Each structure stands twice: as structure tokens, then as C-alpha cells.
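# Residue-level structure breakdown
Letter by letter, the chains look like this.
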Amino acid sequence: MTITEEYILTLLREKRFGELRQILSDLNPVDIAALLGEVPEENLPPLFRILPKELAADTFVEMDNDEQEFLIHAFSDKELREVMDEMFVDDTVDIIEEMPANVVKRILRNVDPEMRQSINQILHYPKDSAGSIMTTEYVDLKKQMTVEEAFTRIRKTGVDKETIYTCYVTDPNRKLLGLVSVKMLLLSEKDKIIGDIMETNIIYVNTMDDKEDVAKLFDKYDFLAIPVVDKESRLVGIVTVDDAMDVIQEETEEDFAKMAAIQQNEEAYFKTPSWRHAKNRILWLLVLMLSATVTGEIITHYQNAFAAVPILVAFIPMLMGTGGNCGAQSSTMVIRGLATDEIRLKDFFRVLFKETRIAFLVSIALAIVNGVRIIIQYGDWRLAVVMDLALICTVFVAKALGCIMPMLAQKCKLDPAIMASPLITTIVDACSVLIYFCIATAVFQL
């Protein structure tokens, strides 16, 4: 049966709480959060209070920031404490980072001292670092333990840990020595020593490493978790795959915004006021509009050519559009390659050579089709020569700029995504018009 908002509200109005609790308990926290997001705000607290304690905490993590803030204001201190006690530290930190100061103070006041210390530790790290997305809740073992002793510790402490599949072996000073999986423990004899079966070839990250680089390791090695160490190689936390996926999604959204020449918006599309959407877009639009005046100045400079051969004007949109499209194709491929580490700065000349070969093949194909069309339609071979030469040169310039500019941005420690379609198109437009009229004035002797 499909659970709808109307059905949930009907059960709530009729005070059929037992039935409502059973229905919600059978759903995934993500689905419950989506369902609660559709109901009127005044119904949120009673519906949330119906949920079992652990499920309520998992659901709370998946809810929108506005709904979380509304519920926090509606909670008593006891209710807030119960929810916070069931949450993992990294999830609590994520919520705190999105809340106003008065809400943050109330949250910190209602968590236990140990969690408060862990929260403050994570908040201390830079926003884009591995330390900011790690959790301090992991299972640690000692190398002198037996497998049986390890399972005893897992059963004792694992209930409060975010993951127990991978356990980390540390010395008395918390220095990371190795790791062991639960699968390895299950397949080993009970009296086996952890130090004899642990894996010592460990891939780990530092607290100050860029979180995007950390997320890429999950894709490369198919990890479920990666240990995070400090400068002294002491284990301070782990990054789990769900947090890595959040980072990848966040970085993808940021790149999409930059590639569309829009400032990134932290809130959902429909929850963002129109004036804020306009504010995030107008700056880049102004820059691109004003930079396009260069193209206008070039056209004005060659107005005598228009007067002598008026048909030249008709081909400008096609030439500019083709150049912009070619540049956008190249920049998109290079930006993607840089993002996935398939392309590196040392590959600059390889990339440029490859794009040059592509430009040659593409431009020849486009020039042949365009030349035949012009001769059939206008019967003017000189016009066909002008357009074909301009087209070939424009494609070469566009492809070159499309690969050079993102890599130049990377070299300058900028995000390559800012060199995407809008900016590339604006520059290529000016170049294509200049090339076009230089060739036209030479061929027609204007």
C-alpha cells in the first residue's frame, strides 16, 4: 500500500497512534523524512514523537534544515537530549553547522560532555578538510588481543559506533598500526592474535587533507571507511562512505553552478527566494554581457565590409554558435578529466595535441558540408572559401581554448569549472568574429 500524506494525517486526527507507529516503523528513515516534509508544520512534532527513539534520530538526520530547526524549537530539553543521544557525532556536526547560534547553544547544552568534546574537535577543522567530515566513533582494538577478546569488545562498544565492519588496531598512544575486518575475524580461530591477522598496508588520510580528495579514494578503492590520522599518525577518526557520497554530491552541485555561471546556493531551489536566485546569477550575467561588447566593437570596426558584402552578416550567428559549441565540448571533457584525476597538469601537451587532432577532423567535416551548402545556395565560391577558412580556424581556436583555460585555472589553484561554457563561449565569440572578418577582408580585398 502506498502511504500518502492524507492517510497519515487521517490516522493522526483519528488518534490511531498504534497503527500510525507501526506503519511508520516499516518505512526507511529517508522515506519517513520525505513524508514528514509534505505535512503541515504543526503536525510535525506529534508525528515525530510517535516514532521509536532510534528511528526518530535516523529520520531527523534526513530532514531538511528548516524542519530540523522547527522540531528543535518544539522539543523539550529531554526530547532533544534523547534525539541527540541516538545520533552519530558527524551527523550532529552537520546539523550544528546549518543552525543559528541560539539553536547551536541549545544543542550543545543537551549533549553529554564526551559528545560535546568530539563535536568541538570536529568543528575545529577547516570546512573543506577530512577532519570536518570524519566521525570519532569507531571500533579500536589492540594487537595483543585474541579474536574472542576482539568480539567481546565489539559487542560491548559497537552499538554506539557508526560502523563495526572495519576495526582499527592502535597502540596505547592511539598510533594506527593496522586494521582488521569483521569478516576476517569470523574466519579466524578464536585464539588467534589480532597482531598476526591484521592488515598493515593501510591507506589513510590526514585530518587536513582536502575532503574532495578523500572522497575520490572511496571511488578508487571501493572503501566503506577510511581512517583519519593527525600529524603524529594517531588515529583520531574515520570517514565513512555515506559522508564521502555527501561530499561528491556537494562538489558536483558546486561544479554545475560554476559551469552555468551561477553562484552556488546552499538552500533547495523552491525554498530559495526569487531575489536570491537573481542575486546569485546577475553578477556573472553582467560580466558576460559587458565582455560581449568586445565582439560588438569588432563588428563595428568592420562595418565597411558589411556594406560591401552584406551577406557576410548572415553567417556570424552560425560561426559564433559553432565556435562556442566546440569550446564547450572540449572544456567539459577536460574539466571532467581534471575532476576524476584522469587528466593532470603534466598532461597539458598531450591534451592539447589530442584536441588539435580532434579539431582537424571536426573542422574538415564541418567545412566540407558548409562549403557545399554555400555553393549550392549562393553560387559564390569566394564566400564558401571565406566561411570554410573561418570555420576551420575558429574550431581550432575554440578547441585549444577549451582545453587550455581549465588547465590554466587548475595551475592557478582555481576551480576549473569556472572556465566552462559561458566564459569559453564569450571569448570564442570575439575570436571567431575577428578571424572571420580578417579572412573576409583579405579574400574580398575590402
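Here is what the cut-offs are and how they apply
- Residues numbered from 1 in each chain as written.
- Predicted model: local features only at pLDDT ≥ 70, side-chain atom pairs only at ≥ 80, totals over all residues.
- Heavy atoms only, no water.
- Pairing = 2+ DSSP bridges.
- Helix = DSSP H or I, 4+ residues; strand = E, 2+ residues; numbered from the N terminus.
- UniProt positions renumbered as here; feature names shortened; annotations may be inferred.
- Buried < 20%, exposed > 50% of the residue type's maximum accessible area, 1.4 Å probe, protein only.

Sheet architecture is open: 3 strands sit in the order S1-S2-S3, paired in mixed fashion. Edge positions in the sheet fall to strand S1 (140-141) and strand S3 (176-181), since each of these pairs with one other strand and no more. Note: S1 against strand S2 (residues 166-170), 2 bridges, orientation parallel. Across the sheet, leucine 141 pairs through a bridge with valine 169, a residue of S2.

All right, on to the UniProt feature "transmembrane region" (unreviewed entry) in the protein chain then. When the UniProt feature table is mapped to this numbering, "transmembrane region" (unreviewed entry) covers residues 282-299, 305-328, 358-376, 382-402 and 423-444. Helix makes up 100% of residues 358-376 and strand 0%. Its end C-alpha atoms lie 28 Å apart. Annotated as 100% helix and 0% strand, the span residues 382-402 places its first and last C-alpha atoms 30 Å apart.

Now for the UniProt feature "domain: CBS" (unreviewed entry) in the protein chain. With numbering aligned to this structure, UniProt lists the feature "domain: CBS" (unreviewed entry) at residues 134-197 and 198-254. Secondary structure over residues 134-197 splits into 31% helix and 20% strand, and the C-alpha atoms at its two ends are 26 Å apart. The annotated region residues 198-254 carries 44% helix and 23% strand content, and the separation between its end C-alpha atoms amounts to 39 Å.

This brings us to the pairing of strand S6 (residues 235-240). Across the 6 residues of S6, 6 count as buried, placing the element largely inside the fold. Where strand S5 (residues 225-229) meets S6, 5 bridges bridge the pair, whose relative direction is antiparallel. Across the sheet, alanine 225 pairs through a bridge with threonine 240, a residue of S6. Where S5 folds back on S6, the antiparallel hairpin that results is connected by 5 residues, among which serine 233 adopts a positive phi of roughly 65 degrees.

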